[in-house]
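Notes for the structure review
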Amino acid sequence: MTKFLKSAGLLFFLFSIPFSMAAEHYVSGKITNITAIEGALLVKVENQIIPENCAGTHYNWMKIKQENTTMISVVLAQWAANNRVATVYTSGIETGGQYCLVIQVDPAG
């Protein structure tokens, strides 16, 4: 019985740890940092993981353009509520720019 409880406790612990996962055009995990620049909100995901199409983005920041007010509102609401786990979809580095462009933010839960 003790061995079963230890195994169950270990499984619970492993599944309760936050994690990040990246693919070609998206990253899933906890948004750990935000900052505002002229015309945009920048976000980072835990461990500074970025999608493959964002390789070379400036300091691993992903950019939500100011015109995407709904996405910015969702991220700021998540940030304020301390509910920061999301999947961030990107289109790659912006043409003539230095940041990876965010095209969708999908909050977890």
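**Considering the nonpolar core**
Generally speaking, soluble globular proteins have nonpolar side chains that are buried together. Ranked by size, the top nonpolar core spans 18 residues in total, and within it L41, V43, M62, I64, V75, V102 and V105 carry the most contacts. Secondary structure elements with two or more residues in this core: strand 2 (26–37), strand 3 (40–45), strand 4 (62–65), helix 2 (69–81), strand 5 (85–93) and strand 6 (100–107). In contact with V102, not counting residues within four places along its chain, are M62, K63, I64, N68, M71, V88, Y89 and T90.

**Notes on the packing of aromatic side chains**
By the definition in use, this model includes 1 aromatic pair. Geometrically, the ring pair formed by Y26 and Y89 is tilted, given 5.6 Å between the ring centres and 45 degrees between the ring planes. Placement of the pair is Y26 in strand 2 and Y89 in strand 5, with a sequence separation of 63 residues. Its relative accessible area of 22% is what places Y26 among the partly exposed residues.

**So, the side chain of R84**
With respect to the helices, strands and loops of the structure, R84 is situated in the loop between helix 2 and strand 5. Buried and without a salt bridge, R84 has E46 as its closest oppositely charged side chain, separated by 11 Å. A polar contact is formed between the side chain of R84 and the backbone oxygen of W79, at a distance of 3.0 Å. Apart from residues lying up to four places away in sequence, R84 is in contact with G29, K30, I31, Q78 and W79.

**Overview of the environment of T87**
Examined against the element boundaries, T87 turns out to sit in strand 5. You can call T87 buried: its relative accessible area is 14%. The spatial distance from the C-alpha of T87 to the C-alpha of V27 is 5.6 Å, given a sequence separation of 60 residues. Not counting residues within four places of it along the chain, the set of residues in contact with T87 comprises Y26, V27, S28, Q104, V105 and D106. Polar side-chain contacts of T87 include one of 2.8 Å to the side chain of S28.

What counts, and where the lines are drawn
Residues numbered from 1 in each chain as written. Predicted model: local features only at pLDDT ≥ 70, side-chain atom pairs only at ≥ 80, totals over all residues. Heavy atoms only, no water. Core = buried A, V, L, I, M, F, W, Y, C linked by side-chain atoms within 4.5 Å. Buried < 20%, exposed > 50% of the residue type's maximum accessible area, 1.4 Å probe, protein only. Helix = DSSP H or I, 4+ residues; strand = E, 2+ residues; numbered from the N terminus. Contact = heavy atoms within 4.5 Å. Phe/Tyr/Trp six-rings, centres within 6.5 Å; stacked < 30°, edge-to-face > 60°. Lys, Arg positive; Asp, Glu negative; His and termini not counted. Salt bridge = Lys/Arg side-chain N within 4 Å of Asp/Glu carboxyl O. Polar contact = N/O pair within 3.5 Å; in protein donor to acceptor, adjacent residues only side chain to side chain.

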